[in-house]
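# Chains, contacts and geometry: an overview
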Amino acid sequence: MVRLAAMLLAGLLSAAALAHKASDGYLTLAHRGASLDVRLDLALRDLENAIGLDADGDGAITWGELRAKHADIAAYAASRLSVSSGGEACALSPVAHEVDRHTDGAYTVLRLSGRCASDAPTVAIDYRMLFDVDPTHRGLVRYVVADGSTRTTVLTAEAPSASLSVHTSAMEQAIAYFLQGIHHIWEGIDHLLFLLSLLLPAVLVWRNGGWTAVGTFRAAIVDAAWIVTAFTIAHSITLTLAVLGIVTLPSRLVESAIALSVVLAAMNNLWPVLRHGRALAAFGFGLIHGFGFASALGELGLPDEALALSLASFNIGVEAGQLAVVAVFLPLAFALRGTTAYRDVALRGGSVAIALVALVWFVERAFDSPRMLASVLPG
Amino acid sequence: VAVLRGIAIVVAGLAFAPVAAPAPYIPADDSAVLEMLPERRDPALAALKRLQRASRAAPDDLDVATRFARGAIQAARTTGDPRYLGQARSALAPWWTLADAPTPALLLRATIKQSAHDFDGALKDLDQLLERTPRDGQARLTRATVRTVIGRYEDALNDCDALEGQALPVVVAACRGDAASRAGRAQEGYALIVRTLETGRGDAVVRAWAATTAAEIAQRVGDADAASRLYRQAIALDPASPYTLAAYADLLLDAGQPREAAALLEGKTRNDSLLLRYVLALRELPATDAYESHRAELAARMEAARRRGDGVHLREEARYALAIENDPAAALKLAHANWNAQREPADLLLLAQSARAAGDAAALKQVADWVAKTRLEDAKIRALLKGGA
């Protein structure tokens, strides 16, 4: 059994042999609000050297042998790693043990969850892993704060402590949140599909029970502008209300409603109920989408000292990302609007596809069912 | 910069969103083997591990500690695995910072410092040791080597002279020949080593070292045939030496024989400097998946070395930037940093190549000044200084 597993392992490592590398530990700390997500990667070879992993002494370390030592590894880390923020120690507790590969072999991945008294973007780290059994060991630290800013340092036996601080200027912070806003709208395919469903008919008009091409580009732009503006105003309102904590909705309700809004917007292209009121629909459902943006921003975390600036920058980033999509979509759609391909394939086919995908999301989100499309589409 | 980084993060996020990044996982089965320890297949390493346990059990026992440290340094040399140097240093911890450390600890300490490119620290220990015991041949040879590496050739030659009668003739000849060849007496140094190799005694490792030293001189003066013959002789005597394999691979690559270079290095790519040359050889051969996968592996290792930042890999990092990433500006910066640490002909060649590629006249002048001062005979460096490739 062991031999078979070893062969499988060798197969996985096929291409290049493992590196000969000096001993390094990888410590990553992500600081969001007062909570701290810590990941510590230590080489199995180093842990074998420090606390002994190879219980049966056969020279091969199995998952079973490592698993049996998880409590010891957590205790080892707890006694040799301390993190504080704002002068007060953060309480670290182990949450998971995993395995990862680096260039020189297998590492144990210990995930710790921390609570700090302060949410200021600064930590002090004291790292004393392995130095006694290998004084050339180094701790490679990466510290990430809410807006994505990162600081790195290298800790050694001679200098095992460091303070890391992300003192970004207001301008840097605004730019970071602006980029996160763009990132979010481009990643958030449900928001984009909603907008696209409303924009698909912007280059057409409903006449005598069917779609025909709109006359001028100006008319298409005006129609699109109403929709985008209404959507923007609406989600800005609820985003602000949610971030300030004035209104909060359960995320399952918000996510389900967003999926439903996409279904309805796409269906409206097939059986138009709202012919002229699409801007109104953009406003109404935009209110729901704003709560969705708020939860994304909540995961990102917002600094107390520059809340308004960060919130505004994030929102402007969302708009900029949205306008970029419109700027690409609209001229293309306008050029193709007279073709049957646009009406049949893009409008009808596209709307059917969007409605189906969104329907699956809706079922998944509303009934908490297994994620049918999880592997192919981001939710 | 923050803006660019932010954009880069966004772009990277978009570009890589659909691709599954390698991520931590939980193995499915308790019997899944995660890691093979090196001692599993090597009885010498298994014995070394037992010695390490003994040393841990009696950390103040100088005799056990030095026996383990000596074995670990030897293991680091034969396997190329730097973790053994760290373990050796750990065993010597009680004597590591002691000003008046016992002689055996002092020699091992200096050897470990030299391996970590702490040449000043190594020299300080060796000076103290040789003052105490001037007839310590091993310490004398180590100091000659360190002095040669940092370009103090006359001082190195003094140590080589003092070795006379304390070491085998082949060792003395290689010591002298190496230093002399870097200071304008290449032919003389080469002839001395080759002549002594033909007649003198010595074990395989020592003779291989002498042959490699002579081969490097021949390679520098442009006698590829002699260099090739001597490298092959050295590899036959000591097949595992990563140093000799790397030097011979460079000769083959320069001679336009990438197939031979690839065959030489195949399966020996745990060592970064050998992997680098393997990738350079594969690049010249018809495209294969092996090239792409080894290049990716090399990139990951260079990134790991850069993050660690201890400077031991600067020579490889500079060559990687120049020859693989095609980034002369980055290569020149790394080659400069490397040159500030060690001053071997290979380091000067890398500085010259990077300077030429980056079109940096000041750096080229620095190379020319060194050549003029030391009278180093190196055909490739001289061609670069004349404006050749």
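The rules behind these values
Counting restarts for each chain: residues are numbered from 1 in the order of the written sequence. Throughout, the order in which chains and ligands are written sets their labels, letters from A for the former and numbers from 1 for the latter. Where totals are concerned, whole chains, interfaces and linings use all residues; where local detail is concerned, this predicted model gives features only for residues with pLDDT of at least 70, and gives and counts side-chain atom pairs only at 80 or more. Hydrogens are left out, water is left out, and the side-chain values use all remaining heavy atoms of the structure. In this text, helices come from DSSP runs of H or I with a minimum length of four residues, and strands from runs of E with a minimum of two, each type numbered from the N-terminal end. Summary of the burial criterion: residues with accessible area below 20% of their type's maximum are buried, those above 50% are exposed, and those between are partly exposed, where the area comes from a 1.4 Å probe applied to protein chains only. Note on pairing: two strands pair once DSSP finds at least 2 bridges between them. Here an axis means a line fitted to C-alpha atoms, over the contact stretch when the element is a helix, while the angle between two N-to-C directions is reported on a 0 to 180 degree scale. We call two residues in contact when some of their heavy atoms are within 4.5 Å. Buried area: the accessible area, evaluated with a 1.4 Å probe, that two parts lose upon being put together, summed over both parts. A carboxyl oxygen of Asp or Glu within 4 Å of a side-chain nitrogen of Lys or Arg is what we treat as a salt bridge. We define a polar contact as two N or O atoms separated by no more than 3.5 Å, with the added condition that, inside protein, one atom must be a possible hydrogen donor and the other a possible acceptor, whereas residues neighbouring each other in sequence contribute only through side-chain atom pairs. Any two rings among Phe, Tyr and Trp, with Trp reduced to its six-membered ring, count as a pair given centres within 6.5 Å; such a pair is stacked if its planes are under 30 degrees apart, edge-to-face if over 60, and tilted if neither. pLDDT measures how confident the predictor is about each residue, on a scale from 0 to 100. Residues enter a nonpolar core if they are buried and are Ala, Val, Leu, Ile, Met, Phe, Trp, Tyr or Cys, with the set joined through side-chain atoms within 4.5 Å.

This paragraph deals with the environment of alanine 236 of chain B. All names here are of chain B. Inspection of the secondary structure assignment puts alanine 236 in helix 13 (residues 224–237). For alanine 236, a relative accessible area of 62% puts it in the exposed group. In this structure the C-alpha to C-alpha distance between alanine 236 and alanine 54, which are 182 residues apart in sequence, comes to 36 Å.

With that settled, the discussion passes to the sheet that holds strand 7 (residues 105–115) of chain A. Residues and elements named next belong to chain A. Reading across the sheet, the 6 strands line up as 6-7-2-1-9-10 and stay open at both edges, with mixed pairing between neighbours. Of all the strands in the sheet, just strand 6 (91–102) and strand 10 (150–155) have a single pairing partner and so form its edges. Here the strands of the sheet are splayed against their neighbours by 15 degrees on average, with no regard to which way each runs. As defined by bridge partners, strand 9 (residues 138–145) adjoins strand 10 across 6 bridges and the pair is classed as antiparallel. Counted as the bridge partner of leucine 140 is valine 154 from strand 10. Along the sheet face, helix 4 (residues 70–80) touches strand 2 (35–43), strand 6 and strand 7 and points at about 60 degrees away from the line of strand 7.

A few words now on the sheet that holds strand 8 (residues 122–127) of chain A. All names here are of chain A. Read across the open sheet, the 4 strands follow the order 5-4-8-11; overall the sheet is antiparallel. Every interior strand has two partners, whereas the edge strands, strand 5 (88–89) and strand 11 (161–165), have only one. Bridge analysis of strand 4 (residues 81–85) against strand 8 gives 4 bridges, and the strand direction is antiparallel. Looking at the pairing, serine 82 lines up with aspartate 126 of strand 8. Across the sheet, helix 4 is in contact with strand 4 and strand 8; its angle to strand 4 comes to roughly 50 degrees.

Moving on, we come to the interface of chain A and chain B. Taken residue by residue, the interface counts 66 residues in chain A and 53 residues in chain B. A combined buried area of about 5,300 Å² lies between chain A and chain B, and 55% of that area is made up of carbon and sulfur atoms. It is His20, Arg45 and Trp63 of chain A in chain A that bury the most area against chain B; as a group they hold 16% of the surface buried on that side. Here aspartate 81 of chain B and arginine 45 of chain A are joined by a salt bridge, their closest N and O atoms 2.6 Å apart. For the pair chain A and chain B, the number of links is 26 residue pairs in polar contact (both at pLDDT 80 or more). With 6 residues, helix 5 (residues 170–187) of chain A is the single largest residue contributor to the side of chain A that touches chain B.

A few words now on the packing of aromatic side chains. Evaluation of the coordinates by the stated rule reveals 8 aromatic pairs over all chains. Their ring planes at 65 degrees and their centres at 5.9 Å tell us that tyrosine 127 of chain A and phenylalanine 131 of chain A sit as a pair that is edge-to-face. By relative accessible area, tyrosine 127 of chain A is classed as buried at 0%. Taking relative accessible area as the criterion, phenylalanine 131 of chain A reaches 10% and is therefore assigned buried. Between tyrosine 231 of chain B and tyrosine 248 of chain B, the aromatic rings sit 5.7 Å apart at their centres with planes inclined by 40 degrees, giving tilted as the arrangement. Of the two residues, tyrosine 231 of chain B is situated in helix 13 and tyrosine 248 of chain B in helix 14 (residues 242–254); the sequence distance between them amounts to 17 residues.

All names here are of chain A. On average, residues of chain A carry a pLDDT of 84, and 89% of them reach 70 or more. Highest mean pLDDT in chain A belongs to helix 3 (residues 63–68) (97); lowest belongs to helix 1 (residues 2–12) (36). Across residues 1–16, where pLDDT falls below 50, the model places 18 contacts with residues more than four positions away in sequence or in other chains. Across residues 371–379, where pLDDT falls below 50, the model places 16 contacts with residues more than four positions away in sequence or in other chains.

Residues and elements named next belong to chain B. In the structure shown here, the tally under the stated rule is 47 salt bridges over all chains. For arginine 277, the salt bridge is made with aspartate 250, and the minimal N-O distance between the two is 2.9 Å. In this pair, arginine 277 sits in helix 16 (residues 272–284) while aspartate 250 sits in helix 14, placing the two residues 27 residues apart along the sequence. For the pair shown, arginine 277 and aspartate 250 are each scored as buried.

Here we take up the nonpolar core. In this structure, Tyr190, Leu230, Leu264 and Leu298 of chain B are the most contacted members of the largest nonpolar core, which totals 54 residues. Those residues within four positions of leucine 264 of chain B in sequence are excluded, and the remaining contacts are Ile235, Leu245, Tyr248, Ala249 and Leu252 of chain B.

This part takes up the pairing of strand 13 (residues 210–213) of chain A. All names here are of chain A. One ladder, built from 4 bridges, connects strand 12 (residues 204–207) with strand 13; its direction is antiparallel. Looking across to strand 13, one finds that tryptophan 206 is bridged to tryptophan 211. Where strand 12 hands over to strand 13, the hairpin turn is made up of 2 residues, of which asparagine 208 adopts a positive phi near 50 degrees.

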